[in-house]
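The residues making up each chain are set out below.
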Amino acid sequence: MLFASKLFALLFLLPYTFAAPAADLEKRGASATFCGQWDTSTSGNYELFLDQWGLSGASSGSDCASITSLSGNTIAWTTVWEWVGGTGVKSFTNIQLNAGINQQLSAISTIPSTWSWKQTSSGTVVADVAYDMFTSSSAGGSATNEIMIWLANYNAGPISSSYNSAGQPNPVATGISLAGQTWNLYSGSNGANAVWSFLPSASGTTITSFSGDIKTFFTYLIEHEGLSSSQYLTTLQAGTEATSGSATLTTTAYSVVID
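Residues numbered from 1 in each chain as written. Predicted model: local features only at pLDDT ≥ 70, side-chain atom pairs only at ≥ 80, totals over all residues. Heavy atoms only, no water.

Moving on to the layout of surface pockets. By volume, the largest pocket amounts to about 490 Å³. Among the secondary structure elements, those contributing two or more residues to the lining of the largest pocket are strand 2 (46-51), strand 7 (112-136), strand 8 (145-154), strand 11 (194-200) and strand 13 (232-256). At five residues, strand 7 tops the list of elements feeding residues into the lining of the largest pocket. For the lining of the largest pocket, the class distribution of residues is 13 nonpolar, nine polar and five charged. By volume, the second largest pocket amounts to about 330 Å³. Asn153, Tyr186, Leu199, Ser203 and Gly204 are, among the 17 residues lining the second largest pocket, the residues nearest its centre. Listing elements by their share of the lining of the second largest pocket, those giving two or more residues are strand 8, strand 10 (181-189) and strand 11. Tallied by class, residues from the lining of the second largest pocket come to eight nonpolar, nine polar and no charged. (1 Å grid on protein atoms, 1.4 Å probe; cavity = no way out; pocket = protein on both sides within 12 Å on 5 of 7 lines; lining within 4 Å. Points joined across faces, edges and corners; volume = space filled by probe spheres on them. Helix = DSSP H or I, 4+ residues; strand = E, 2+ residues; numbered from the N terminus. Nonpolar A, V, L, I, M, F, W, Y, C, P; charged D, E, K, R; others polar.)

Bringing the pairing of strand 11 into the picture now. Burial of strand 11 is extensive: six of the seven residues sit out of reach of the surface. As defined by bridge partners, strand 8 adjoins strand 11 across five bridges and the pair is classed as parallel. For isoleucine 147, the partnering residue across the bridge sits in strand 11 and is tryptophan 196. Of the pairings in the sheet, the one linking strand 10 to strand 11 comprises seven bridges and is antiparallel in character. When the sheet's bridge partners are listed, asparagine 184 is paired in strand 11 with leucine 199. Connecting strand 10 to the next strand, strand 11, in antiparallel fashion are four residues, including glycine 191 with a positive phi near 95 degrees. (Buried < 20%, exposed > 50% of the residue type's maximum accessible area, 1.4 Å probe, protein only. Pairing = 2+ DSSP bridges.)

A separate point is the confidence of the model for the protein. Averaged over the protein, the pLDDT score is 91; the fraction of residues at 70 or greater is 88%. In the model, residues 1-29 has pLDDT below 50 throughout and makes two contacts with residues more than four positions away in sequence or in other chains. (pLDDT = per-residue confidence, 0-100. Contact = heavy atoms within 4.5 Å.)

Counting residues in hydrophobic clusters, the biggest one holds 43 residues, and the most contacted among them are Trp115, Tyr131, Trp183, Phe198, Leu236 and Tyr254. If we ignore the near neighbours within four places in the chain, the residues touching phenylalanine 198 are Ile147, Met148, Ile149, Trp150, Ile176, Leu178, Trp183, Asn184, Leu185, Phe217, Tyr220 and Leu221. Judged by nonpolar contacts, the second largest core, of seven residues, contains Trp81, Trp83, Ala127 and Ala247. (Core = buried A, V, L, I, M, F, W, Y, C linked by side-chain atoms within 4.5 Å.)

So, about the environment of alanine 139. Relative to the helices and strands, alanine 139 resides in the loop between strand 7 and strand 8. Alanine 139 gets classed as partly exposed once you look at its relative accessible area, which sits at 48%. The spatial distance from the C-alpha of alanine 139 to the C-alpha of glutamine 231 is 8.6 Å, given a sequence separation of 92 residues. If we skip the residues at most four places from it in the chain, alanine 139 touches Asn102 and Tyr232.

Phi at asparagine 102 is positive, roughly 65 degrees, even though this residue is not glycine. Tracing the chain through its elements places asparagine 102 in the loop between strand 5 (91-97) and strand 6 (103-104).

Take the packing of aromatic side chains next. On inspection of all chains with the given rule, the structure shows ten aromatic pairs. Both rings, one in tyrosine 131 and one in tyrosine 254, keep their centres 6.2 Å apart while their planes meet at 40 degrees; by these two values the pair is tilted. One end of the pair, tyrosine 131, is in strand 7; the other, tyrosine 254, is in strand 13, with 123 residues separating them in the sequence. Of the residues examined, tyrosine 254 reaches a relative accessible area of 0% and is grouped as buried. Their ring planes at 75 degrees and their centres at 6.2 Å tell us that phenylalanine 198 and tyrosine 220 sit as a pair that is edge-to-face. Within this pair, whereas phenylalanine 198 is found in strand 11, its partner tyrosine 220 is found in helix 3 (residues 215-224), the two being separated by 22 residues in sequence. (Phe/Tyr/Trp six-rings, centres within 6.5 Å; stacked < 30°, edge-to-face > 60°.)

What follows is about the side chain of threonine 243. The residue threonine 243 is located in strand 13 in this model. Exposure remark for threonine 243: the relative accessible area of 7% places this residue in the buried category. With near-sequence residues (within four places) excluded, threonine 243 lies in contact with Trp83, Thr87, Gly88, Val89, Lys90 and Val126.

Further remarks concern helix 3. Residues of helix 3 that are buried: Lys215, Phe217, Phe218, Tyr220 and Leu221. Following helix 3 by one or two positions, glycine 226 has its phi on the positive side, about 80 degrees.

Structure follows, in structure tokens:
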């Protein structure tokens, strides 16, 4: 009877044993920390991507990240990094949107996004906090253009086709009002594709709470810089480009949707 009782109890609990883990697994996945050069972790419509493409340029260091929560379409994550040596970008750990991409810009009505974050650091840091997007002439094709929206510039600088006598990049346009902020626009090439970078007009401005329509930045480039509306949006990411120093980027709430 003891065996029979145990068997009955086990059979009774089986549905709960297999029904419960869905939420628990999501919680466990959210707490996992990733440090590998190309590690990824998918959560809902998003993918955490440890893009340590410049790792070989560092004499030492690391970059680790974890998704801390996902509620509906709002995700939170943390990136902890430390890089020593070299002058180039070491990593762009980011959250990538995997839903709604590979549409032509002309077919996209809005890209509403919010991003609340903070960064703590020690010593001198060279980095940025930015949206990073790529377009192509075909769905899923090779990148033709890169469009960045910098929310913070920590002793770094955008790609530019010209620089002043002090070595600072020259903007191609200033005082652009988009998404409730004022921006300067820089233009250049990364050697593979054209790059446009929007930075806050006021030097030293850090936008730690962003809310706006990302599509308006594309619309500006279409109307003023010759970006073709037939281009496909193939990549939409948000994160920190880290060059040197030590910092922790904590995103408490981030969301983006392509409509």
